[in-house]
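Architecture at a glance
Take a look at the letters that make up each chain.
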Amino acid sequence: MDIQARVQACLERAVANHECAGMTVLVRKNGQDALYAGAGYADVASGKKVQRDHIFRLYSQSKPVTAAAAMILVERGLLDLMDPVENFLPGFQGQQVYTPEGLKPATRPVWVMDLLGMTAGVAYPDADEVGRQTAKLFMENHEKILAGGGMSTVEFCDRMGQIPLAFQPGAHWRYSTCADILGAVIEVVSGKPFDEFLREELFIPLGMKDTGFWVPEDKRDRFVTCYKRVPGGVEPFGSLHLAVGDYTRRPAFCSGGAGLVSTLDDYAAFADMLMNEGEYQGKRILRPETVRYMTKSQLSDSVRAEMWDSLTGYGYGKLMRVCVEEGRWAGLTRLGEYGWDGWLGSYFANLPSEKLTILSMQNTTDTGTSSAMRKVRNVLLAAESAGEI
């Protein structure tokens, strides 16, 4: 069985086992397409199969895009990574930190660098007090969105700063709303709405014509249905999640951590730009040194040890995982590879030493780096080492 057939079989098994509704994979080698495969459904009820040009929800795969936008401002001397977030979002002034002894003042402000490394002390909705207060804020915004409005990007993230921190800035790693807050910082520093900044600085230069925070009417036939797993299959999922989910209009809150939609080819352009150290088809987006910095882990060993078990062998920085130890992750890896994934299974990895990019789009909740994606990675990396790609 050749590599195309092996990857295709992985995808078809995932659909047959109800791991996902649909799944596509695109592999790029030396800046050229090396493999495309797809299986399953963009819409189960109508039987519409997933296609390469279908538009998927990125969720957390939005984060690397937000990091790149921040680094554009860093290159231009408009943003210092040690800038206190309170300089841009006043809600972060006078931060308090939860401790076993009660609230205590933060020993230093939250820095922009903390946002890039998930070390700011903020949270996603969760079971502890910081998570509960964050959940209440999200629910408040959900109600406003369902009523036809919603808090703005800056308003929502400024309100986030009014919630006490879970730990002292920089002390620990916690996956959280850091990228959302970074998007608000970018908006304030650039003087442009966050979505417009992304469009002008990244999407237009990279030709990412189907990437944004909502889906216009003329593109909705390519917008896949979202599903959740249930016993024996999948069913449509249409609820708001992390203040994201209404794609029929331009949102008031443009979530830098979860809000983007895109296609395989659009995201391939972004991945190509990073692989080419900031250049895409003759257009310079970032300088090589900036990309090299952006694709390195920024965590100390003690903080890295707090990351999820599913990221063993990886560090984290600039809103991406970075492989720092081969052989410790549960699958084939390459030192220096970087990328991220999303709640619905979108996935990207750049392997600079191999000039290899792996991209996937899925449309099923609670997926992240799925079992099917790990199997596909193993097939691809084994084949690449044997010269089959």
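Residues numbered from 1 in each chain as written. Predicted model: local features only at pLDDT ≥ 70, side-chain atom pairs only at ≥ 80, totals over all residues. Heavy atoms only, no water.

**Thoughts on the pairing of strand β15 (residues 347-351)**
The element β15 is extensively covered by neighbouring structure, given that 5 of its 5 residues are classed as buried. Burial along β15 is two-sided: the face carrying Tyr347, Ala349 and Leu351 and the face carrying Phe348 and Asn350 are both buried. Both strand β14 (residues 338-341) and β15 contribute to a ladder of 4 bridges, which runs antiparallel. What sits directly across from Tyr338, in β15, is Asn350. Two successive antiparallel strands, β14 and β15, enclose a turn made up of 5 residues, where Gly345 displays a positive phi of approximately 100 degrees. Relative to strand β16 (residues 356-362), β15 runs antiparallel, the two being bridged by 5 bridges. Across the sheet, the residue bridging to Asn350 is Thr357, located in β16. (Buried < 20%, exposed > 50% of the residue type's maximum accessible area, 1.4 Å probe, protein only. Helix = DSSP H or I, 4+ residues; strand = E, 2+ residues; numbered from the N terminus. Pairing = 2+ DSSP bridges.)

**Quick look at unusual backbone geometry**
Although it is not a glycine, Asn30 sits at a positive phi angle of roughly 55 degrees. On the secondary structure map, Asn30 appears in the loop between β1 (22-29) and β2 (32-43). Located in the positive-phi region is Tyr59, a residue other than glycine, with phi close to 45 degrees. Among the secondary structure elements, Tyr59 is positioned in the loop between β4 (56-57) and α2 (63-75). Overall, the relative accessible area of 3% leaves Tyr59 in the buried class.

**Some words on the packing of α2 against helix α7 (residues 194-203)**
In contact at an axis separation of 10 Å, α2 and α7 are set at 80 degrees when each is read in the N-to-C sense. The orientation of α2 relative to α7 falls into the category roughly perpendicular. Here α2 contributes Val65, Thr66, Ala68, Ala69, Ile72 and Leu73 to the contact with α7, which in turn contributes Phe194, Phe197, Leu198, Glu201, Leu202 and Phe203. Residue composition of the contact of α2 with α7, grouped by class: 10 nonpolar, 1 polar and 1 charged. (Axes fitted to C-alpha atoms, helices over the stretch in contact; angles between N-to-C directions. Parallel < 35°, antiparallel > 145°, perpendicular 65-115°, else oblique. Contact = heavy atoms within 4.5 Å. Nonpolar A, V, L, I, M, F, W, Y, C, P; charged D, E, K, R; others polar.)

**Let's talk about the state of the cysteines**
Considering all chains together, one arrives at 0 disulfides under this definition. There is no disulfide at Cys178, and the cysteine sulfur nearest it, in Cys157, is 10 Å away. Residue class for Cys178 comes out buried when judged on its relative accessible area of 0%. No disulfide involves Cys254; its sulfur sits 10 Å from the nearest other cysteine sulfur, which is in Cys157. (Disulfide = S-S within 2.5 Å.)

**Here's the deal with the pairing of β16**
Among the 7 residues of β16, 7 are classified as buried, and the element is accordingly described as predominantly covered. Both faces of β16 are covered, namely the face carrying Leu356, Ile358, Ser360 and Gln362 and the face carrying Thr357, Leu359 and Met361. Bridging between β1 and β16 involves 7 bridges; their strand directions are antiparallel. Each residue of the ladder has a partner; that of Val25, found in β16, is Ser360. Connecting the antiparallel pair β15 and β16 is a turn made up of 4 residues, with Lys355 showing a positive phi of about 50 degrees.

**What about the packing of aromatic side chains?**
Enumeration according to the criterion identifies 19 aromatic pairs in this entry. Pairing Tyr59 with Trp343 gives two aromatic rings, centres 5.1 Å apart and planes at 65 degrees, and the pair type is edge-to-face. Linking Tyr59 in the loop between β4 and α2 with Trp343 in the loop between β14 and β15, this pair joins segments that are 284 residues apart in sequence. Both residues of the pair, Tyr59 and Trp343, belong to the buried class. When the centroid spacing of 5.9 Å and the interplanar angle of 50 degrees are considered together, the rings of Phe194 and Phe213 count as tilted. Residue Phe194 is found in helix α7, and its partner Phe213 is found in the loop between α7 and β7 (227-230); the two are separated by 19 residues along the sequence. For the residue pair Phe194 and Phe213, the accessibility class agrees, reading buried in each case. (Phe/Tyr/Trp six-rings, centres within 6.5 Å; stacked < 30°, edge-to-face > 60°.)

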